[in-house]
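# Residue-level structural notes
Next come the chains, spelled out residue by residue.
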Amino acid sequence: METFYRPTWVEVSLDALRSNIRAFQRALPAGMHIMAVVKADAYGHGAEHVVREAMACGVDYFGVACMDEGLKLRRSGVKAPILVLGYTPPEGIPLAIKHDLTLTVFQDELWQALDAMGSGRDERYGWPGPAESVTAVDIMNVGERAEAFESANAMKDAAVEIAYTIESANGFKSVNSGQSLHAIHAAESANAVRHLQEMASTEGPRKLKVHIKIDTGMGRLGLQPDDEAIAFVEKALAHPWLDVEGIFTHFACADEADKTYTYEQHRKFDRIVEHFRKRGVEFRYVHTGNSAAGIDCPELSYNMVRLGISLYGLYPSEEVNRERVVLEPVMSVKTKMVHIKTLPPGSGISYGIAYRTQGEETIATLPIGYADGYSRLLSGHVQALVRGRRVPVVGRICMDQCMVNVTGIDKPAGDEEVVLLGRQQDEAITAEELASIMGTIHYEIPCMVSHRVPRVYIRDGKRVAVTNPLLR
Ligand SMILES: Cc1ncc(COP(=O)(O)O)c(C=O)c1O
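So, here is what we can say about the structure in this document. Quick caveat, the model's predicted, so the values are computed rather than measured. (Residues numbered from 1 in each chain as written. Predicted model: local features only at pLDDT ≥ 70, side-chain atom pairs only at ≥ 80, totals over all residues. Heavy atoms only, no water.)

## A closer look at the packing of helix 10 (residues 227-238) against helix 11 (residues 260-278)
Running from amino to carboxyl end, helix 10 crosses helix 11 at an angle of 40°, the nearest separation of the two axes being 11 Å. By the criterion of interaxial angle, the relationship of helix 10 to helix 11 is oblique. At the point where helix 10 passes helix 11, the crossing takes the right-handed sense. The segment helix 10 lies against helix 11, with Ala229, Ile230, Val233, Glu234 and Leu237 engaging Ile272, His275 and Phe276. Each residue belonging to the contact of helix 10 with helix 11 can be placed in one class, and the counts come to six nonpolar, one polar and one charged. (Axes fitted to C-alpha atoms, helices over the stretch in contact; angles between N-to-C directions. Helix = DSSP H or I, 4+ residues; strand = E, 2+ residues; numbered from the N terminus. Parallel < 35°, antiparallel > 145°, perpendicular 65-115°, else oblique. Left-handed = near helix turned anticlockwise from the far one by under 90°. Contact = heavy atoms within 4.5 Å. Nonpolar A, V, L, I, M, F, W, Y, C, P; charged D, E, K, R; others polar.)

## Some details on the site of the ligand
Around the ligand, the neighbouring residues are Val37, Lys39, Tyr43, Arg220, His250, Asn290, Ser291, Arg306, Leu307, Gly308, Ile309 and Tyr443. In this structure, Lys39 approaches the ligand through a side-chain N or O atom, which is 2.7 Å from an oxygen atom. The contact in question runs from an oxygen atom of the ligand to an N or O atom on the side chain of Ser291, over 2.5 Å. In the complex, the protein chains occlude 91% of the 390 Å² of accessible area that the ligand would expose alone. Counting residues per element, the ones that place at least two in the shell around the ligand are helix 2 (39-43) and strand 9 (304-307). Residue classes in the shell around the ligand are distributed as five nonpolar, four polar and three charged. (Near = heavy atom within 4 Å. Polar contact = N/O pair within 3.5 Å; in protein donor to acceptor, adjacent residues only side chain to side chain. Areas by Shrake-Rupley, 256 points an atom, 1.4 Å probe, with all protein chains shown as cover.)

## Remarks on the pairing of strand 8 (residues 285-289)
Here strand 8 lies mainly inside the structure; five of its five residues are buried. Pairing of strand 7 (residues 242-248) with strand 8 involves three bridges; the strand directions are parallel. Along strand 8, the bridge assignment pairs Gly246 with Tyr285. Here strand 8 pairs with strand 9 via two bridges, running parallel. The partner of His287 across the bridge, within strand 9, is Met304. (Buried < 20%, exposed > 50% of the residue type's maximum accessible area, 1.4 Å probe, protein only. Pairing = 2+ DSSP bridges.)

## Let's talk about the packing of helix 1 (residues 14-27) against helix 3 (residues 47-56)
One can describe the packing of helix 1 onto helix 3 by two numbers: an axis separation of 10 Å at closest approach and a directional angle of 45°. Judged by the angle between their axes, helix 1 and helix 3 are oblique. Between helix 1 and helix 3 the crossing geometry is right-handed. Taken together, the residues of helix 3 that come into contact with helix 1 (itself represented by Leu14, Leu17, Arg18, Ile21 and Arg22) are Val50, Glu53, Ala54 and Ala56. Residue composition of the contact of helix 1 with helix 3, by class: six nonpolar, no polar and three charged.

## Focus: the pairing of strand 16 (residues 389-394)
Sheet analysis places strand 15 (residues 383-386) next to strand 16, joined by four bridges and oriented antiparallel. Following the sheet pairing, Ala384 is matched in strand 16 by Val391. With two bridges connecting them, strand 16 and strand 17 (residues 402-405) associate as antiparallel partners. Counterpart to Val394 in the pairing with strand 17 is Met403.

## Looking at the packing of aromatic side chains
Using the criterion set out here, one finds seven aromatic pairs in the structure. Look at Tyr61 and Tyr285: their rings are 5.1 Å apart centre to centre, the planes differ by 90°, and that puts the pair in the edge-to-face class. Residue Tyr61 is found in strand 3 (residues 61-64), and its partner Tyr285 is found in strand 8; the two are separated by 224 residues along the sequence. Overall, the relative accessible area of 5% leaves Tyr285 in the buried class. Within the aromatic cluster, the residues linked to one another by ring pairs are Tyr43, Tyr312 and Tyr443. One cation-aromatic arrangement involves Arg463 over Trp9; the distance from NZ or CZ to the ring centre is 5.9 Å. (Phe/Tyr/Trp six-rings, centres within 6.5 Å; stacked < 30°, edge-to-face > 60°. Lys NZ or Arg CZ within 6 Å of the ring centre and 35° of its normal.)

## A short note on unusual backbone geometry
In this structure, Asp226 follows Pro225 across a cis peptide bond, with omega equal to -10°. For Asp226, the location among the structural elements is in the loop between strand 6 (208-213) and helix 10. A positive phi angle is found at Asp100, which is not glycine, with a value near 55°. Here Asp100 lies in the loop between helix 5 (93-98) and strand 5 (101-105). If you check the backbone angles, Gln425 has positive phi at about 50° while not being a glycine. Judged by relative accessible area, which is 56%, Gln425 ranks as exposed.

## Focus: the environment of Thr362
Structurally, Thr362 is set in strand 14 (residues 361-366). Here Thr362 falls in the buried class, since its relative accessible area comes to 16%. Expressed as a C-alpha distance, the spacing of Thr362 and Lys411, which sit 49 residues apart in the sequence, is 9.6 Å. Contacts of Thr362, omitting those with residues within four sequence positions, involve Ile340, Lys341, Thr342, Val404, Asn405, Val406, Thr407 and Pro412.

## Observations regarding the state of the cysteines
Overall, the coordinates contain zero disulfides when judged by the stated rule. The thiol sulfur of Cys398 is not disulfide-bonded, and the nearest other cysteine sulfur, from Cys402, lies at 7.7 Å. (Disulfide = S-S within 2.5 Å.)

## As for the pattern of salt bridges
The tally for this structure, following the rule as stated, stands at 21 salt bridges. Close ionic contact of Glu433 with Arg390 constitutes a salt bridge, the shortest N to O distance being 2.9 Å. On the criterion of sequence distance, the pair formed by Glu433 in helix 13 (residues 431-438) and Arg390 in strand 16 is long-range, its members being 43 residues apart. With relative accessibility at 30%, the residue Arg390 sits in the partly exposed group. Bridged by salt links that share partners, the residues Arg6, Asp372, Asp400 and Arg452 form one connected network. (Salt bridge = Lys/Arg side-chain N within 4 Å of Asp/Glu carboxyl O.)

Structure follows, in structure tokens:
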């Protein structure tokens, strides 16, 4: 098990996570798939552990925001299907195929990328043929030398050579410089193409798995209904290198009590699904709903819901029906008092002396600050829990530390837990409370806790795993 030395940590309750998944499995219509949305490192909870727990509960699809997040999961050994919900540039296609990542597609650049990859197709290898078009962009970015190379192998060598040249010019001081990374990425992309070629020669060509995104009113990503969307889907269905596994949209206001806009979005989406159903096309996955829809109107989400915030035990808003799915918060943030002293009246606390002791007060220092995600915006407004009692955080929150006023707590001790987010005895500090102080939404709170804070995974009251990226 990894360890940590500063007594500040996040606790992730795998029991709560499991209980939230089970609550949805009970509440959702039979046969509906759950996609666990594990982007942003599972909303700060640690994607790798969340995925493993969710898989053990029968969750069979995972959603990430970008391809890099998907690749990270693959590198940690996750084999389950992963959909990249956001935009992936065309250069990512070979890697997506190699690592079996499903891409969200909605732009015509897809056809250009596929055409370019297929042009000059080599019958010995099958799809995708020579790699120039895939990796040339990367190579040109580093040294405008793409034209000089004709095969993926040469491109790989070139990329490595460029990286080496850059590094030796730097005296090997910046091993991770952006340019070198770009070259290395190009090498990897070229490698992926070669791998695909080798695979194609033995197993036949592999297709790119895609889910097509329709913009029914979020105005973010996706094809416009009806004509643009239908034409794109038709083309994708007919394309020999695409496996159109799914079609989806995203609701903008499903967390509001008034579902008028959500129904309108659903109607637009359903017209397209119906169009293809009439032609005998059944997509394997059709999905619209996030947590809010999963709670309030799962019937609008066809055969899959994409659950993010609620898996982590937070309701998407005040307006959803909390009785339908009972959730338990998964994350707590804990620390300890590393320095406790009694100060005379009028003593200044922290930068700018925004606080002075009113009388004789006991002030304790906590080893957590805004670089850990405990925002400076909370200064002067937030409370912590000690022995199940609320105590005020006083003075400005520093980068790595802050102070609490524990006057009135009988002999506070350095080894007792202080809770900054979560429950202690009968009291709780919620993500909603912290968010409202900061003028933001509670989604941001778990995502804000930085990688400097180790994650401790708890099952049946016991630590079962610890991750601390700092000591890896
Ligand atoms: C496309 C998409 N689907 C699903 C989700 C999950 O949403 P929620 O966390 O509200 O469940 C998100 C999150 O923003 C998303 O962007």
